[in-house]
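Residue-level structure breakdown
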Amino acid sequence: MIEFLAAHVAVAAPAGAAPTTAPPAAHAGAATVTPTALSGEVTILEPTTVTLTERRVAVIGANGSGKSTFARLINGLVLPTSGYVRVNGLDSHDDGRAVRRQVGFVFSDADAQLVMPTPLEDVTLSLRRLRLGRRERADRAREILDRFALTHLADVSVHALSGGQKQLLALAGVLATEPAVLVCDEPTTLLDLRWRTRVNDLLAGLDQQLLHVTHDLEAAARADRVLVIDRAHVVFDGDPASAVAHYRELMTGQAQAPDEP
Amino acid sequence: MSAGPGPVGETGSQPPGRRRRAVRPRWTGPLGLYSPGHSWVHRLGPGWKLAVLAVVSILLTVFQRPAVAVAALAGALAVLGVARVPLRATGRSLLPVVVVALTFGAYQWWARDWQSALVTSASLLAVVVLATGITATTRTDRLLDSMTRSAGPLRFVGIRPQTFALTVALVLRTVPALIDLAWDVRDAARARGLDRSPRALLVPFVLRAVARAHTTADALTARGLLDDDGVDGP
């Protein structure tokens, strides 16, 4: 269960930046948003209160809307300027490490997530956290690569993998420690259709609670609950079909009338 | 001759007198990748190999004499030979370092004398060749395990051996990625006709390298790899 309690993120405004303007009033469903605006600050995410218990939650929104920050609040990569974020009762600020043990995070750029020179070593590194003997760690790592159909790439240089293979490997590394929750920040944005389908199917089949930030509206439509974030606010929170429709309206509206700075 | 363009590579469709250019893989840094083998070098423990590298580096620094430097280089090359490291791939990865070593040597020759030139070039090459030999004959995770063990004393200065080992792995992993980045930046500058401008090449490279560092840091934090979980190796 993921809880946001008036979680708000603001940063010091660079010189010359204009304050964020509130978007037009919209259906906000179960998520409540209370706007604040302090001078000298740029709000990345307005204070948001929402409780996510559904197994599949998707978050959609324009670039720069705040959805990546929303995702990073969950595993404590970004700490709220005010308010709280809790995962299964653990606070992201007070129990950051415990939260990160429970929350796996997948970035859109797979390349930067892969730390070791070969896939087998990378998955083995993830497994170092679980106190296993060296032989057991190696066996478990091979098992995991097997599960993701990456066995034939176990000793190949990570540098030589395709984008899709890298993302699959990143997923394998993150799921190796069996987190309770998985947060994916646009994992398929850089992938072609074939890999996008493969990754989305994989995500759909997971046991974990999944929060999927995505531009892929078809993938979002498969979720149990969809949040639409626009300009630092959650502007829609509800069933996938209506959320996607609302989002499309929002984007076409903004395309026709370019937003003011 | 068929009407219309032939398949790629069909010599009949090439203009006369133009040869096909060889396609070479990009340079991915001076340190070679692990290539499995059965030589005694492969079988030697990583701790010993690292110790030899350390001792050779110290000797080369203390005794700066042409005979010592050349002997070290010959020894390093012998190690590569015994380990049957793939010659072409390794030679290609070492080429830029050879160029740099020769350049330094040339400068020393002009500034001082041929003995200093020989010492500089040969020492640099010897150390890099030996290091390449090590990475080519040791699985990275074993190398890291060994470094973690020997870095134990660093604990007293507040550096966790785990973190030290992880840093080394990251360097091995990041060098090819940064080189890729440099090529991308050069391509972008070229497309704009700016490939002679140092600023158009350096600024994006530095910014993107730093951005990548931030993303890597986020990923390391998210995966909890820097946490003090108390797991100390095999």
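For clarity, every value in this text was computed on a predicted model and none was experimentally measured. (Residues numbered from 1 in each chain as written. Chains lettered and ligands numbered in written order. Predicted model: local features only at pLDDT ≥ 70, side-chain atom pairs only at ≥ 80, totals over all residues. Heavy atoms only, no water.)

1. Concerning the overall build of chain B
Stated precisely, the cut-off is as follows: The secondary structure listing takes helices from DSSP runs of H or I that are at least 4 residues long and strands from runs of E that are at least 2 residues long, numbered from the N terminus. Exposure is judged per residue with a 1.4 Å probe applied to protein chains only, and the accessible area is read against the type maximum: over 50% gives exposed, under 20% gives buried, and values in between give partly exposed. By definition, residues are in contact when any of their heavy atoms lie within 4.5 Å. We get accessible surface area from the Shrake-Rupley algorithm with a probe of 1.4 Å; when it comes to residues, only the shown protein chains can shield them.
For chain B, the count of helices and strands is eight helices and zero strands. Helices (α) and strands (β) of chain B occur, in sequence order from the N terminus, as α-α-α-α-α-α-α-α. For chain B, the residues scored as buried account for 34% of the 234 residues in total. Long-range pairs, those at least 24 residues apart, make up 73% of the contacts in chain B between residues at least 6 apart in sequence. Taken as a whole, chain B presents about 14,800 Å² of accessible surface, with 65% of it coming from carbon and sulfur.

2. A word on the domain arrangement of chain B
Inclusion rule: Here the bounds of each domain stem from an automatic or database domain assignment.
Split by domain assignment, chain B resolves into domain 1 (24–143) and domain 2 (151–228). Using C-alpha coordinates to define each centre, domain 1 of chain B is positioned 24 Å away from domain 2 of chain B.

3. Quick word on the UniProt feature "transmembrane region" (unreviewed entry) in chain B
All names here are of chain B. Spelled out, the test is: UniProt positions are given in the numbering used here, feature names are shortened, and annotations may be inferred rather than shown by experiment.
If you check UniProt for "transmembrane region" (unreviewed entry), the listed places come out as residues 69–87, 94–111 and 117–137 in our numbering. As a span, residues 94–111 carries 100% helix and 0% strand, and end to end its C-alpha atoms are 26 Å apart. The span residues 117–137 is 100% helical and 0% strand by assignment, and the distance between its end C-alpha atoms comes to 30 Å.

4. Quick notes on the confidence of the model for chain B
Residue and element names in this part refer to chain B. To keep things clear, this is the line we draw: The predictor's confidence in any single residue is recorded as pLDDT, a number from 0 to 100.
Model confidence for chain B is summarised by a mean pLDDT of 81, while 85% of its residues fall at 70 or above. Here residues 1–10 is modelled with pLDDT under 50, and outside its nearest four sequence neighbours on either side it reaches one contact, counting other chains as well. Below pLDDT 50 for its whole length, residues 230–234 participates in 14 contacts with residues either more than four positions away or in separate chains. Here the predicted complex carries an ipTM of 0.82, next to a pTM of 0.76.

5. Some details on the pairing of strand 5 (residues 82–87) of chain A
Consecutive side chains of a regular strand alternate in pointing toward one face of the sheet and then the other. Residue and element names in this part refer to chain A. Our working rule: Following DSSP output, two strands are said to pair if at least two bridges run between them.
Bridge count for strand 1 (residues 2–12) against strand 5 is five bridges, and the pairing is antiparallel. From the neighbouring strand, Ile 2 faces strand 5, where its bridge partner is Val 87. Across two bridges, strand 5 lies against strand 6 (residues 90–91) in antiparallel orientation. In the strand pairing of strand 6, Arg 86 is matched with Asp 91. The hairpin turn running from strand 5 into strand 6, its antiparallel successor, is two residues long, and Asn 88 in that turn takes a positive phi close to 50 degrees.

6. Here's the deal with the packing of helix 4 (residues 119–127) of chain A against helix 6 (residues 163–175) of chain A
Residues and elements named next belong to chain A. For clarity, the cut-off: Only the contacting stretch of a helix is used when fitting its axis, a line to C-alpha atoms as for every element, and angles between N-to-C directions run 0 to 180 degrees. Here the angle decides the label: under 35 degrees means roughly parallel, over 145 means roughly antiparallel, 65 to 115 means roughly perpendicular, and every other value means oblique. In this scheme the crossing of two helices becomes right-handed for a clockwise turn of the near helix relative to the far one and left-handed for an anticlockwise turn of less than a right angle. Any residue that is not Ala, Val, Leu, Ile, Met, Phe, Trp, Tyr, Cys, Pro, Asp, Glu, Lys or Arg is counted as polar, Gly included; the first ten are nonpolar and the last four charged.
It is at 8 Å that the axes of helix 4 and helix 6 come closest, and there the two elements cross at 25 degrees. Between helix 4 and helix 6, the crossing angle belongs to the class labelled roughly parallel. Crossing of helix 4 over helix 6 shows right-handed handedness. Here Pro 119, Val 123 and Ser 126 of helix 4 come into contact with helix 6, specifically with Leu 169, Ala 172 and Gly 173. The residue inventory of the contact of helix 4 with helix 6, partitioned by class, reads four nonpolar, two polar and no charged.

7. Remarks on the nonpolar core
Residues and elements named next belong to chain A. As a reminder, the rule being used: Residues grouped as a nonpolar core are buried Ala, Val, Leu, Ile, Met, Phe, Trp, Tyr and Cys residues, joined through side-chain atoms within 4.5 Å.
Counting 30 residues, the largest nonpolar core has Val 123, Phe 148, Leu 169, Leu 171, Leu 182 and Leu 203 as its most contacted members. Secondary-structure elements contributing two or more residues to this core are helix 4, helix 5 (134–147), helix 6, strand 8 (181–185) and helix 7 (193–204). Looking at this core, the element that brings in the most residues is helix 6, giving seven residues. Excluding its chain neighbours within four sequence positions, the residues that come into contact with Leu 171 are Val 106, Phe 148, Leu 182, Val 199, Leu 202 and Leu 203. Of all hydrophobic cores here, the second largest spans 29 residues; its members include Leu 45, Ile 74, Val 99 and Val 213.

8. A look at the sheet that holds strand 7 (residues 103–106) of chain A
All names here are of chain A. One open sheet accounts for six strands, arranged 7-8-9-4-10-11; its pairing is mixed. Of all strands in the sheet, those bounded by a partner on one side alone are strand 7 and strand 11 (233–238). Each neighbouring strand pair of the sheet contributes to a mean axis angle of 15 degrees, computed without reference to strand direction. Both strand 10 (residues 225–230) and strand 11 contribute to a ladder of five bridges, which runs antiparallel. In the strand pairing of strand 11, Ile 229 is matched with Val 234. Helix 6 rests against strand 7 and strand 8 of the sheet, and its axis sits at about 170 degrees to strand 7.

9. Quick word on the side chain of Thr138(B)
Residues and elements named next belong to chain B. Where we set the bar: Here a polar contact is recorded for every N or O atom pair within 3.5 Å, except that within protein the pair must consist of a potential hydrogen donor and a potential acceptor, and residues adjacent in sequence are included only if both atoms are side-chain atoms.
Tracing the chain through its elements places Thr 138 in the loop between helix 5 (114–137) and helix 6 (140–150). Take Thr 138: its relative accessible area is 4%, and that puts it in the buried class. At 3.1 Å, the side chain of Thr 138 and the side chain of Lys 49 are in polar contact. In terms of polar contacts, Thr 138 uses its side chain to reach the backbone carbonyl oxygen of Ile 134, at 2.7 Å. Residue contacts for Thr 138: discarding those within four places in its chain leaves Tyr 34, Pro 46, Lys 49 and Leu 143.

10. Let's talk about helix 2 (residues 46–62) of chain B
All names here are of chain B. For the record, the criterion: Between the first and last residue of a helix there are one fewer steps than residues, each counted as 1.5 Å, and that sum is the expected span. Along the arc lie the directions from the helix axis toward the C-beta atoms.
For helix 2, built from 17 residues, the straight-helix expectation of 24 Å at 1.5 Å per residue is met to within 8% by its first-to-last C-alpha distance of 24 Å. The set of residues buried in helix 2 consists of Pro 46, Lys 49, Leu 50, Leu 53 and Leu 60. Each buried residue of helix 2 sits inside an arc of 100 degrees when the element is viewed along its axis, so together they form one side. The outward face of helix 2, more than 90 degrees from its buried face, is lined by the exposed residues Trp 48, Ile 58 and Val 62. Looking at the buried side of helix 2, the elements it contacts are helix 1 (40–43), helix 3 (66–82), helix 5 and helix 6.

11. With respect to the interface of chain B and chain A
So the rule is basically this: Only one rule defines a salt bridge in this text: a Lys or Arg side-chain nitrogen within 4 Å of an Asp or Glu carboxyl oxygen.
In this complex, chain B contributes 35 residues to the contact, which on the side of chain A involves 31 residues. We note a salt bridge from Asp111(A) to Arg212(B), for which the minimum N-O separation is 2.7 Å. One can count seven residue pairs in polar contact (both at pLDDT 80 or more) joining chain B with chain A. Those elements giving two or more residues to the side of chain B that touches chain A turn out to be helix 6, helix 7 (161–191) and helix 8 (198–222) of chain B. When residues in the side of chain B that touches chain A are grouped by element, the largest group, nine residues, is from helix 7 of chain B. For the side of chain B that touches chain A, the residue count by class is 14 nonpolar, nine polar and 12 charged.

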